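Below, each chain spelled out in residue letters.
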Amino acid sequence: MEDYILRATAANGSIRAFAAISSNTVEKARQIHNTSPVASAALGRMLTAAAIMGIMLKSEKDRLTLQITGDGPLKGILVTSDRFANVKGYAVNPYTELPLRPDGKLDVGGAVGNGSLRVIKDIGLKEPYSGSIELISGEIADDITYYYAASEQIPSSVGLGVLVDTDLSIKHAGGFIIQLMPGADDELVEKLEKKLLTIPYAGFRLQRGKNPSGHTWRYGT
């Protein structure tokens, strides 16, 4: 199945949502960079986020860069995207190996460590827009959620998941970004927060074969 991104709005435009399947893109990146499982997961999450954030750009010439710098063994990740979600990127140390977390999951936060996330948007102005935050977990989805709240004042929920198969290939990858737009009332915010608490994390949904459906934007590396 091809990679794709779905976009939807709700509550008279007060909510917008994006959901992506990015398995082929992440697998291609894994093959190019020969990434370890934890590096595949970290880079895959960043590529997925960049693809979704890329289609939020308005002009065909706009560009987005996401950069994580951390003190963990991965050392950092850099990815870029355009308006059509054409993404590319790399992990500084693609061969990072770490034990699994106690819950059996890949330790992306441990691989990234403490550091910062920087978002650069080249949207045709004299200087590119740049915003940065200190990482709050290194798990990437949490950090991008915090970035939107702190730097762009957009309440958001971000979920990113990469499942690595036993042969080290990418079995599934994808994610979502849900945002409240200006003017959303408090009742809507409360309803959305309650709904989000019932949504399983992205990796679990991918493992169960749950895919977005509807109108799609197809993209690649």
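Our structure's up above, just so we're on the same page.
Predicted model, so just to flag it, every value in this text is computed and none were measured.

Calculation criteria
Residues numbered from 1 in each chain as written. Predicted model: local features only at pLDDT ≥ 70, side-chain atom pairs only at ≥ 80, totals over all residues. Heavy atoms only, no water. Helix = DSSP H or I, 4+ residues; strand = E, 2+ residues; numbered from the N terminus. Buried < 20%, exposed > 50% of the residue type's maximum accessible area, 1.4 Å probe, protein only. Contact = heavy atoms within 4.5 Å. Areas by Shrake-Rupley, 256 points an atom, 1.4 Å probe, with all protein chains shown as cover. Core = buried A, V, L, I, M, F, W, Y, C linked by side-chain atoms within 4.5 Å. Axes fitted to C-alpha atoms, helices over the stretch in contact; angles between N-to-C directions. Parallel < 35°, antiparallel > 145°, perpendicular 65-115°, else oblique. Left-handed = near helix turned anticlockwise from the far one by under 90°. Nonpolar A, V, L, I, M, F, W, Y, C, P; charged D, E, K, R; others polar. Pairing = 2+ DSSP bridges. Salt bridge = Lys/Arg side-chain N within 4 Å of Asp/Glu carboxyl O.

Draft legend 1. Spotlight on the overall build of the chain. Secondary structure assignment for the chain yields six helices and 10 strands. Across the 221 residues in the chain, those meeting the buried criterion constitute 48%. Sequence separation of 24 or more characterises 60% of the internal contacts of the chain that already satisfy a separation of 6 or more. Working note: accessible area of the chain is about 11,200 Å², and carbon and sulfur atoms make up 51% of it.

Draft legend 2. Up close: helix 1 (residues 23-33). All of the buried residues along helix 1 are Ser23, Thr25, Val26, Glu27, Ala29 and Arg30. The inward-facing, buried residues of helix 1 abut strand 2 (15-21), helix 2 (37-54), strand 5 (87-91), strand 8 (156-164) and strand 9 (170-180). One or two residues past the end of helix 1 sits Asn34, with phi positive at roughly 50°.

Draft legend 3. Just the nonpolar core, in detail. Leu66, Ile140 and Ile144 are the most contacted members of the largest nonpolar core, which has 48 residues in total. The dominant element in this core, judged by the number of residues it contributes, is helix 2, at 12 residues. In this structure, Ala19, Phe176, Ile178 and Leu180 belong to the second largest nonpolar core, which totals five residues.

Draft legend 4. Fine view of the environment of Lys75. In this fold, Lys75 is placed in the loop between strand 3 (63-70) and strand 4 (76-82). Along the backbone, Lys75 and Ala91 are 16 residues apart, and their C-alpha atoms lie at a distance of 7.7 Å. In this structure Lys75 touches Ile68, Thr69, Gly70, Val92 and Ala111, once residues within four positions along its chain are discounted.

Draft legend 5. A look at the packing of helix 1 against helix 2. Where helix 1 meets helix 2, the axes come as close as 9 Å, and the angle between the chain directions of the two elements is 130°. Our classification of the angle between helix 1 and helix 2 gives oblique. Here helix 1 runs over helix 2; the crossing is right-handed. Contacts between helix 1 and helix 2 involve Val26, Ala29, Arg30 and His33 from the former and Ser40, Leu43, Gly44, Leu47 and Thr48 from the latter. Of the residues belonging to the contact of helix 1 with helix 2, the class tally is four nonpolar, four polar and one charged.

Draft legend 6. Seen up close, the sheet that holds strand 6 (residues 115-122). Reading across the sheet, the five strands line up as 5-4-3-6-7 and stay open at both edges, with antiparallel pairing between neighbours. Looking at the sheet topology across the chains shown, the edges are occupied by strand 5 and strand 7 (129-134). Ignoring strand direction, the axes of neighbouring strands in this sheet form an average angle of 10°. With eight bridges connecting them, strand 3 and strand 6 associate as antiparallel partners. The residue of strand 6 that forms the bridge with Gly70 is Gly115.

Draft legend 7. Geometry of the pattern of salt bridges. A complete count under the given rule lists five salt bridges for this structure. Across the pair Arg45 and Glu139 runs a salt bridge, and its minimum N-O distance is 2.8 Å. Note that Arg45 is positioned in helix 2 and Glu139 in the loop between strand 7 and helix 4 (141-151), a separation of 94 residues in sequence. Note on Arg45: relative accessible area 13%, which makes it buried. Ionic contacts of the salt-bridge type, sharing partners, join the residues Arg45, Arg101, Asp103 and Glu139 into one network.

Draft legend 8. Examining unusual backbone geometry more closely. The phi angle at Asn34 is positive, at roughly 50°, despite the residue not being glycine. You can see Asn34 is positioned in the loop between helix 1 and helix 2. Non-glycine residue Ile140 carries a positive phi angle of around 80°. Tracing the backbone through its elements, the reader meets Ile140 in the loop between strand 7 and helix 4. Here Ile140 falls in the buried class, since its relative accessible area comes to 1%.

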